[in-house]
Amino acid sequence: MALSVSRRIFRALGSCDYLSLSLRSFYISNGLNGHVSGGSLSSVQSSVPGKSSFDVQQRYFTSILTSDSSESAFPLDMLSRKQVLTPDRKIGLYQDLVIPVTNFHKEDKGLMVLAGDVFDVPIRKDIIHRVVRWQLAKRQQGTHSTKTVSEVSGTGRKPWKQKGTGRARHGTLRGPQFRGGAVMHGPKPRSHAIKLNKKVRRLGLKIALSARAAEGKLMVYEDFELPSHKTKNIVNHVSQMENTKKLLMVDGGLIDEKLKLATQNLHYVNILPSIGLNVYSILLHDTLVMSRDAVNRIVERMHTPINR
């Protein structure tokens, strides 16, 4: 059900009174008068001060162009490049996402389609919790060690005779009750790693990427080329980002030397190659910036079958 208005009417009538009138007649003719009446349209128009009638209607009435739509269905010159308010999309429907591509100079580098089975999966906190526990446990060194009775240096001679001294019946001075003695049930070098299936680990990374994409905190750059290795280039760029406290940059291959030098003195900017991208690092930073090459490599890695 679409409202088709010819180009001649839009060009002939400069005011928006005809548009509001046509919207009213459209809803009345389709039996929606009880839902959206002429009074409600007037209240919508008057509720936004300083805005024209067409701007308000463009905010609340948007069209979706599909493959079935023809050019005559909606005039191309009426399409605005301004961002309009759209209802929040549902997360976890495995739908492909379209995201603009830019660079450090804020140049338009086109669009990129993000795979829905990687960047739009259902959010599950239990999976994230399991993956983070697995990561933190696996990176523990486990080199802590204490000495047992057989490892403590000292004599094996009985300190005093068994009877007649009034003292306890000790057989060695290397026991845990003596200073410099052994430690009972102390830690020994071991691995703290826990088992987690590869499919769960892969799902955790997909959920972390989907969460950043749903929050609008995922950006795609064409490349990470900088004019120089000066730190001020990154500082000025991060300061222009909204609500960004910690930034994680993910490149496809080897990290550029200029980018590495420009960010090594910034504690709130970290760089990773695509092979090192992990759930804990994504959660540790509130903004994720990926290069086009990194996105392609991550999607290829997520689509690779798991070898058992």
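If you're wondering where the values come from, they're calculated on a predicted model, not measured in any experiment. Throughout this description, residue numbers start from 1 for each chain and increase along the sequence as written. Local features are withheld for residues below a pLDDT of 70 in this predicted model, meaning they are given only at 70 or higher, and side-chain atom pairs are given and counted only at 80 or more; totals for whole chains, interfaces and linings count all residues. Here the side-chain values reflect all heavy atoms present in the structure, with hydrogen atoms and water set aside.

## Describing the overall build of the protein chain
Heads up, the rule is: Elements are defined by DSSP. Helices are runs of H or I of four residues or more, strands are runs of E of two residues or more, and each kind is numbered from the N terminus. Here, two residues are considered to be in contact whenever any of their heavy atoms come within 4.5 Å of each other.
Of regular secondary structure, the protein chain possesses 11 helices and 6 strands. Residue pairs in contact within the protein chain that sit at least 24 positions apart in sequence constitute 69% of those at least 6 positions apart.

## Digging into the environment of Gln141
Which entries qualify depends on this criterion: Remark: exposure states derive from per-residue accessible area (1.4 Å probe, protein chains only) relative to the maximum for the residue type, with buried under 20%, exposed over 50%, and partly exposed in between.
Considering the arrangement of structural elements, one finds Gln141 in the loop between α6 (125–138) and α7 (198–215). The class of Gln141 is exposed, set by a relative accessible area of 66%.

## Quick look at the packing of aromatic side chains
In this description, a pair of aromatic rings is defined by centroid distance and the angle of the planes. Note the cut-off: Classification of ring pairs rests on two measures: the distance between centres of Phe, Tyr or Trp rings, Trp counted by its six-membered ring, which must be within 6.5 Å, and the angle between planes, read as stacked under 30 degrees, edge-to-face over 60 and tilted in between. We call a charge positioned over a ring when the NZ of a Lys or the CZ of an Arg lies within 6 Å of the ring centre and within 35 degrees of the ring normal.
Summed over all chains, the structure comprises 3 aromatic pairs. Taken together, a centroid distance of 6.0 Å and an interplanar angle of 70 degrees make the contact between Tyr221 and Phe224 edge-to-face. Comparing Tyr221 with Phe224, the two get one shared label, buried. What links up through ring pairs into an aromatic cluster is the set Phe104, Tyr221 and Phe224. For the cation-ring pair, Arg167 lies above Trp160, with the distance from its terminal atom to the ring centre recorded as 3.8 Å.

## Some remarks on the pattern of salt bridges
Heads up, the rule is: Here a salt bridge means any side-chain nitrogen of Lys or Arg lying within 4 Å of a carboxyl oxygen belonging to Asp or Glu.
Tallied over the full model, the rule gives 6 salt bridges. The closest approach of N and O atoms between Asp126 and Arg124, which form a salt bridge, is 2.7 Å. Take Asp126: its relative accessible area is 40%, and that puts it in the partly exposed class. When the shortest N-O distance is used, the salt bridge between Asp293 and Arg297 registers 3.4 Å. Taken together, the residues Asp293 and Arg297, both in helix α11 (residues 292–303) and 4 residues apart, mark about one turn of the helix. A relative accessible area of 35% places Asp293 in the partly exposed class. The exposure class of Arg297 is partly exposed, given its relative accessible area of 40%.

## Digging into the packing of α7 against α11
Quick note on the threshold: For every element, the axis is a line fit to its C-alpha atoms; helices are fit only across the contacting stretch, and the angle between N-to-C directions ranges from 0 to 180 degrees. In this scheme, a crossing is called left-handed if the near helix is turned counterclockwise away from the far one by less than a right angle; it is called right-handed if the turn is clockwise. Just so you know the grouping, Ala, Val, Leu, Ile, Met, Phe, Trp, Tyr, Cys and Pro go in nonpolar, Asp, Glu, Lys and Arg go in charged, and all remaining residues, Gly too, go in polar.
Running from N to C, α7 and α11 cross one another at 145 degrees; their axes reach a closest spacing of 11 Å. For the pair α7 and α11, the crossing hand works out as left-handed. Residues Arg202, Leu205, Lys206 and Leu209 of α7 form the contact with α11, whose own contacting residues are Ile298, Arg301 and Met302. By residue class, the composition of the contact of α7 with α11 is 4 nonpolar, no polar and 3 charged.

## Some remarks on the pairing of strand β5 (residues 269–273)
Spelled out, the test is: DSSP-based pairing: two strands are paired if at least 2 bridges between them are found. By convention, a crossover is right-handed whenever its connection, traced from the first strand over the helix to the second and viewed with the strands pointing away, goes clockwise.
Pairing geometry for strand β4 (residues 247–251) and β5, over 5 bridges, is parallel. Bridged to Leu247 within β5 is Val269. Once the chain exits β4 it traverses helix α9 (residues 257–263) before rejoining the sheet at β5, and the crossover so formed is right-handed.

## What to know about unusual backbone geometry
The phi dihedral of Lys106 is positive, around 60 degrees, even though this residue is not glycine. Within the element layout of this structure, Lys106 appears in the loop between β1 (97–102) and β2 (111–114). Classification of Lys106 as exposed rests on a relative accessible area of 54%.

## A few points about the confidence of the model for the protein chain
The test is simple: Note: pLDDT gives the predictor's confidence per residue, expressed from 0 to 100.
Of the residues in the protein chain, 71% have a pLDDT of 70 or more, and the chain-wide mean is 80. When mean pLDDT is taken per element in the protein chain, α6 scores highest with 97 and helix α4 (residues 53–60) scores lowest with 39. Counting interchain partners and residues more than four positions distant, the pLDDT-below-50 stretch residues 1–74 has 56 contacts.

## With respect to α7
Threshold: Expected span of a helix: the number of residues minus one, times 1.5 Å.
Taking 1.5 Å per residue as the helical rise, α7 with its 18 residues ought to reach 26 Å, and the 26 Å between its terminal C-alpha atoms agrees with that figure. If you check which residues of α7 are buried, you get Val200, Arg202, Gly204, Leu205, Lys206, Ile207, Ala208, Leu209, Ser210, Ala211, Arg212 and Ala213. Just beyond α7, the residue with positive phi is Gly216, at close to 75 degrees.

## Describing the nonpolar core
Among soluble globular proteins, nonpolar side chains are generally buried collectively. Our working rule: Definition of nonpolar core: a set of buried residues of the types Ala, Val, Leu, Ile, Met, Phe, Trp, Tyr and Cys, connected through side-chain atoms within 4.5 Å.
Counting residues in each nonpolar core, the largest one holds 35 residues, and the members touching the most others are Phe119, Leu209, Leu277, Met290 and Val295. A total of 6 residues in this core trace back to one element, the largest contributor, which is α7. For Phe119, the residues in contact, after removing those within four places along its chain, are Leu97, Leu114, Leu209, Ser210, Ala213, Leu218, Val295 and Val299. Counting residues in each nonpolar core, the second largest holds 16 residues, with Phe104, Met241, Met249 and Val269 among its members.

## Details of the pairing of β1
A regular strand carries its side chains on alternate faces of the sheet. Summarising the sheet, β1 and β2 pair through 4 bridges and their orientation is antiparallel. Paired with Leu97 across the bridge in β2 is Leu114. Bridge count between β1 and strand β3 (residues 218–221): 2 bridges; the pairing is parallel. Among the inter-strand pairings, Val101 is bridged to a residue of β3, identified as Val220.

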